[in-house]
Amino acid sequence: DDDYCKPQWNWSFTDRCDYVLSSEACGGGGYLQWTSYVYCCEDDVGKWLIVAAGVIFLFILFLMLSTSADDFFCPNISTIVNKLAISENLAGVTFLAFGNGAPDVFTSLASVVTSPLPRADLALGGLLGGAIFVTLIVLSGVVLMRPFKAAVFSSLRDLGFFLFSMCFILLFFLVSDEVQLWQPLGCLGIYAVYVLTVVTTEIIKKHARRREEDTAARKNSCVGSPQLSTTTTTGLRPLKRTDALRTSNVSRRSVVISSFSGNAHELVIEDSCEDADEELEATGGGFIDTHHESAQNHKRLISATKGVVANLLAYYAPQFEEEEPSRFQRVKTYILWPIVTIFKLTVPLSTVDWCRPAAIVLAVLSPLMFIVNTQLIYTKPVEGGPGLYAYSPIVSIPLIAFILLATSAEKEPRFYKISFSLLGFVMSVSWMYAISNEVVDAVTMIGVVTGIDQAILGLTVIAWANCVGDLVSDSSVARQGFPRMGMAAATGGPLFNVLIGFGLPFTIAKIKGDTVPFQLSLEGSSLVMVTFMFISLIFTSVNLIIFRGHFRRIYGFLLIAIYIAFLVFVILSSTGVLPWIKS
């Protein structure tokens, strides 16, 4: 079979190994070819040890994918949005949506663009499987955590676009056995219209609010001039000098959550770097004088003389989110610390304090790691010469010289935030691309060994791994009192993943001239997947209209029941128990 890797165990060892090595369907786009490792191992025990190692490695890859997206990709995108003064509405449905959906999009990209044989089944299975999980399980977690009244117009708008997108994708199953260029371009076009609709809607709302405020102001001016108050109409008090001292010594860790309905929300967790009260007392309650400033400079000078090693150890040390972390947070931080350290060595991060020794390390390792991640390591610019990896010092040496000559260890460079956020964006993208390629290799091996269909692996293993983080974050947001935000992310987020996750990789593949067979037909697991996607969206839309946006806990339990039914039908379709949905 040219489309699927199906070595038979009754073949001789040599035939199986030769088949796996020669068939494009058995390979992925990463460096580790797990399928060939299994089928070209003569020892039977060794085969299953390799399978076990592949499963463990897949789990580590999902941790790396989640960490790279949450702790490096999203913070750098947030800095870019703030520095370039991109509007909140546009950022919410573009940059921040990309940040939340990056694992799904890059897994799809690896399934289609990098693999020797583009896998439309694995890509679309992962995207739709993730969408079903988010719209059912993640949304149920939000509702069960805190029942709420949703924003009816925004929610119906997102659900309407999603239903239209699913009807468009349904055409793929009915009219084509090969991906045509108009199909992915259509998906990109639908999302472009969605973005335009969101931005236009929010502009209209903003103008309407401004007119209401102007009308209210004119009414107040007719009544008379009110006395000036120390409190604004929004309930915010004027910033005092003590507040300025406190805020000047605050380290901000921003968790950006896109509502996908036009609003980008930023939750700020503030951890005091220094005790502002002690500083206020040290200044005698007055303004900071030159003597105090000189003392501060002296303290910074002493800190700088502690040495490069001490600065690096502090930079790469485990960082806790709270001053007094719980036992679970400690265990989680220490487990993820090796992964975070690998990324810190190669990915610039604009949200941490300036550290010149760490910047030099980044200048050495980042160019080389970019070449490795993008699989350009063996590209030879000169015939007969070394690979591109040998040329990385051409980039590293000027960067190191610039850091040593143009920056100081004590003062943060003026260009630090924007330059590190842009470079960090590029490096985090390269890491997610490389990790996704390895994920496809490992999942392909599991599918070949177990005989499980690639589409089913996509809508279960890949979907669960990529969306568990959404379940935790959206439920946490709801628990903190923002259930509308969780609802918006659970309905609008999958829309980005499906349209961009399908549109971008397949557009690239078709522009390259690749033939992409559409190995999915409207039967078996594909029929179950599409059917339950429609059930999920229609059920939420009907509930939204009938109960006027009120979501109660019974609705959350019903969503869980629908997802359980979905899994049951997937199992029945793969085993052939139900003839009418037999694959």
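Just so you know, these numbers come straight off a predicted model, no measurement behind them.

**A look at the overall build of the protein chain**
Then, in step 1: For the protein chain, the helix and strand inventory stands at 20 helices and four strands.
Then, in step 2: A burial count over the protein chain gives 47% of its 583 residues as buried.
Then, in step 3: Put simply, of all contacts in the protein chain between residues at least 6 apart along the chain, 77% involve residues at least 24 apart.
Then, in step 4: Total accessible area on the protein chain is roughly 29,000 Å²; 64% of this is exposed by carbon and sulfur atoms.

**Points about unusual backbone geometry**
Then, in step 1: Within the chain, Gln 375 stands out as a residue other than glycine whose phi angle is a positive 60°.
Then, in step 2: With respect to the helices and strands, the residue Gln 375 is situated in the loop between α14 (356-373) and α15 (393-406).
Then, in step 3: Judged by relative accessible area, Gln 375 falls into the partly exposed class, the value being 31%.
Then, in step 4: In this structure, Arg 548 takes a positive phi of about 55° despite not being glycine.
Then, in step 5: Within the secondary structure, Arg 548 sits in the loop between α19 (524-546) and β4 (550-551).
Then, in step 6: With a relative accessible area of 66%, Arg 548 lands in the exposed category.

**Some details on the side chain of Thr 35**
Then, in step 1: Its place among the elements puts Thr 35 in helix α2 (residues 34-39).
Then, in step 2: Not counting residues within four places of it along the chain, the set of residues in contact with Thr 35 comprises Cys 5, Val 20, Cys 26, Thr 444, Met 445 and Val 448.

**Here's the deal with the state of the cysteines**
Then, in step 1: Overall, the coordinates contain one disulfide when judged by the stated rule.
Then, in step 2: In this model Cys 17 forms its disulfide with Cys 40; the gap between the sulfur atoms is 2.0 Å. Its S-S torsion of about 100° marks the bond between Cys 17 and Cys 40 as right-handed, since a negative value means left-handed. Placement of Cys 17 in helix α1 (residues 13-22) and of Cys 40 in the loop between α2 and α3 (44-83) is noted, with a sequence separation of 23 residues between them.

**So, the confidence of the model for the protein chain**
Interpreting fine coordinate detail is not advised for predicted regions of low pLDDT.
Then, in step 1: On average, the protein chain scores 76 in pLDDT, and the residues at 70 or more come to 75%.
Then, in step 2: Highest mean pLDDT in the protein chain belongs to α15 (93); lowest belongs to strand β2 (residues 250-258) (32).
Then, in step 3: Residue range residues 225-291 is modelled with pLDDT below 50. Its contacts to residues more than four positions away, or to other chains, number 107 contacts.

**Points about the packing of aromatic side chains**
Then, in step 1: Counting across every chain of the model gives 24 aromatic pairs.
Then, in step 2: Plain terms: the ring middles of Trp 34 and Tyr 37 are 5.9 Å apart, the flat faces sit at 70° to each other, and that makes the pair edge-to-face. Of this pair, Trp 34 and Tyr 37 both sit in helix α2, separated by three residues, roughly a single helical turn.
Then, in step 3: The class for Trp 34 is buried, based on a relative accessible area of 9%.

**Observations regarding the nonpolar core**
A general feature of soluble globular proteins is that nonpolar side chains tend to end up buried together.
Then, in step 1: Core analysis: the largest hydrophobic core is formed by 121 residues, its most contacted members being Phe 162, Phe 343, Ile 435, Phe 551 and Phe 566.
Then, in step 2: Excluding its chain neighbours within four sequence positions, the residues that come into contact with Phe 343 are Met 64, Thr 67, Ser 68, Phe 72, Trp 431 and Ile 435.

**Quick notes on the side chain of Ser 140**
Then, in step 1: Residue position: Ser 140 is located in helix α6 (residues 120-145).
Then, in step 2: Overall, Ser 140 belongs to the buried group, its relative accessible area being 2%.
Then, in step 3: With residues up to four places along the chain from it excluded, the contact list for Ser 140 reads Gly 556, Leu 559 and Ile 560.

**Here we look at helix α13 (residues 327-346)**
Residues spaced three or four apart along an α-helix point in a common direction, a consequence of the helix completing one turn every 3.6 residues.
Then, in step 1: The terminal C-alpha atoms of α13, which comprises 20 residues, lie 29 Å apart, in line with the 28 Å expected from a rise of 1.5 Å per residue.
Then, in step 2: Among all positions of α13, only Thr 333, Leu 336, Ile 339, Val 340, Thr 341, Phe 343, Lys 344 and Thr 346 are buried.
Then, in step 3: Buried residues along α13 sit against α3, α12 (308-316), α14 and α16 (416-450).

**Side note on the packing of α19 against helix α20 (residues 553-575)**
Then, in step 1: Across the interface, α19 lies against α20 with an axial gap of 9 Å and an inter-helix angle of 170°. By the criterion of interaxial angle, the relationship of α19 to α20 is roughly antiparallel. Together, Gly 524, Ser 525, Val 528, Met 529, Phe 532, Ile 535, Phe 539, Thr 540 and Asn 543 of α19 and Tyr 555, Leu 558, Leu 559, Ile 562, Ala 565, Phe 566, Phe 569, Val 570 and Ser 573 of α20 make up the contact between the two elements.
Then, in step 2: Of the residues belonging to the contact of α19 with α20, the class tally is 13 nonpolar, five polar and no charged.

**Quick look at the environment of Gly 129**
Then, in step 1: Turning to its location among the elements, Gly 129 is positioned in helix α6.
Then, in step 2: The contacts of Gly 129, once residues within four sequence positions are left out, are Leu 124, Leu 459, Ala 463 and Met 529.

**A short note on the packing of α14 against α15**
Then, in step 1: Running from amino to carboxyl end, α14 crosses α15 at an angle of 170°, the nearest separation of the two axes being 8 Å. Taken together, the axes of α14 and α15 are roughly antiparallel relative to one another. Relative to α15, the crossing made by α14 is right-handed. The segment α14 lies against α15, with Arg 356, Ala 359, Ile 360, Ala 363, Val 364 and Pro 367 engaging Val 395, Ser 396, Leu 399, Ile 400, Ile 403 and Leu 404.
Then, in step 2: Class assignment of the residues belonging to the contact of α14 with α15 gives a composition of 10 nonpolar, one polar and one charged.

**As for a nonpolar patch on the surface**
Then, in step 1: A cluster of nonpolar side chains, namely Leu 171, Leu 174, Val 175 and Trp 182, defines an oily patch on the protein surface of about 400 Å² accessible area.
Then, in step 2: Considering every element that reaches the nonpolar patch, the biggest residue donor is helix α7 (residues 152-175), with three residues.
Then, in step 3: With respect to the helices and strands, Leu 171 occurs in helix α7.
Then, in step 4: Owing to a relative accessible area of 37%, Leu 171 belongs among the partly exposed residues under this scheme.

**Overview of the environment of Ile 403**
Then, in step 1: Assignment of secondary structure puts Ile 403 in helix α15.
Then, in step 2: Between the alpha carbons of Ile 403 and Pro 357 there is a distance of 9.2 Å; along the sequence they are 46 residues apart.

**Looking at α1**
Then, in step 1: Those residues of α1 not exposed but buried are Arg 16, Cys 17, Tyr 19 and Val 20. For α1, the angular spread of the buried residues around the axis is 160°, confining them to a single face. Exposed positions of α1 whose direction lies more than 90 degrees from the buried face are Leu 21 and Ser 22.
Then, in step 2: In the core, the buried residues of α1 are packed alongside α2 and α3.

Scoring rules and cut-offs
- Residue numbers run consecutively from 1 along every chain, following the written order of its sequence.
- Totals for whole chains, interfaces and linings use all residues, but because this is a predicted model, local features are given only for residues with pLDDT of at least 70 and pairs of side-chain atoms are given and counted only at 80 or more.
- Only heavy atoms go into the side-chain values, all of them from the structure, while hydrogens and water stay out.
- Only runs of H or I of at least four residues qualify as helices and only runs of E of at least two qualify as strands under DSSP, and these elements are numbered from the N terminus.
- Type-normalised accessible area, obtained with a 1.4 Å probe on protein chains alone, sets the label of each residue: buried when under 20%, exposed when over 50%, and partly exposed for intermediate values.
- Here a residue-residue contact requires only that any non-hydrogen atoms of the pair lie within 4.5 Å.
- In this description, accessible areas are obtained by the Shrake-Rupley approach with a 1.4 Å probe, and a residue is regarded as covered only by the protein chains that are shown.
- The disulfide criterion used throughout: a pair of cysteine sulfur atoms within 2.5 Å.
- Here pLDDT means the predictor's own confidence in every residue, given as a number from 0 to 100.
- Stacked, tilted and edge-to-face pairs are distinguished by plane angle, under 30 degrees for stacked and over 60 for edge-to-face with tilted covering the rest, among Phe, Tyr and Trp rings (Trp via its six-membered ring) whose centres lie within 6.5 Å.
- Side-chain atoms within 4.5 Å link the members of a nonpolar core, which is a set of buried Ala, Val, Leu, Ile, Met, Phe, Trp, Tyr and Cys residues.
- How far a helix is expected to stretch is found by multiplying one less than its residue total by 1.5 Å.
- Between the N-to-C directions of two axes lies an angle of 0 to 180 degrees, each axis being a line fitted to C-alpha atoms and, for a helix, fitted only over the stretch in contact.
- Note on terminology: angles under 35 degrees are roughly parallel, angles over 145 are roughly antiparallel, angles of 65 to 115 are roughly perpendicular, and the others are oblique.
- Polar here means any residue other than Ala, Val, Leu, Ile, Met, Phe, Trp, Tyr, Cys and Pro, which are nonpolar, and Asp, Glu, Lys and Arg, which are charged; Gly is therefore polar.
- Less than a right angle of anticlockwise turn of the near helix away from the far helix marks a crossing as left-handed, whereas a clockwise turn marks it as right-handed.
- For patch building, the residue pool is restricted to those with more than 30% relative accessible area and no salt bridge; the joining distance is 9 Å between like charges and 5 Å between nonpolar side chains (Val, Leu, Ile, Met, Phe, Trp, Tyr).
- In what follows, salt bridge is the name for a side-chain nitrogen of Lys or Arg lying within 4 Å of a carboxyl oxygen of Asp or Glu.
- Working definition: the arc comes from the directions between the helix axis and the C-beta atoms, pointing outward to the latter.

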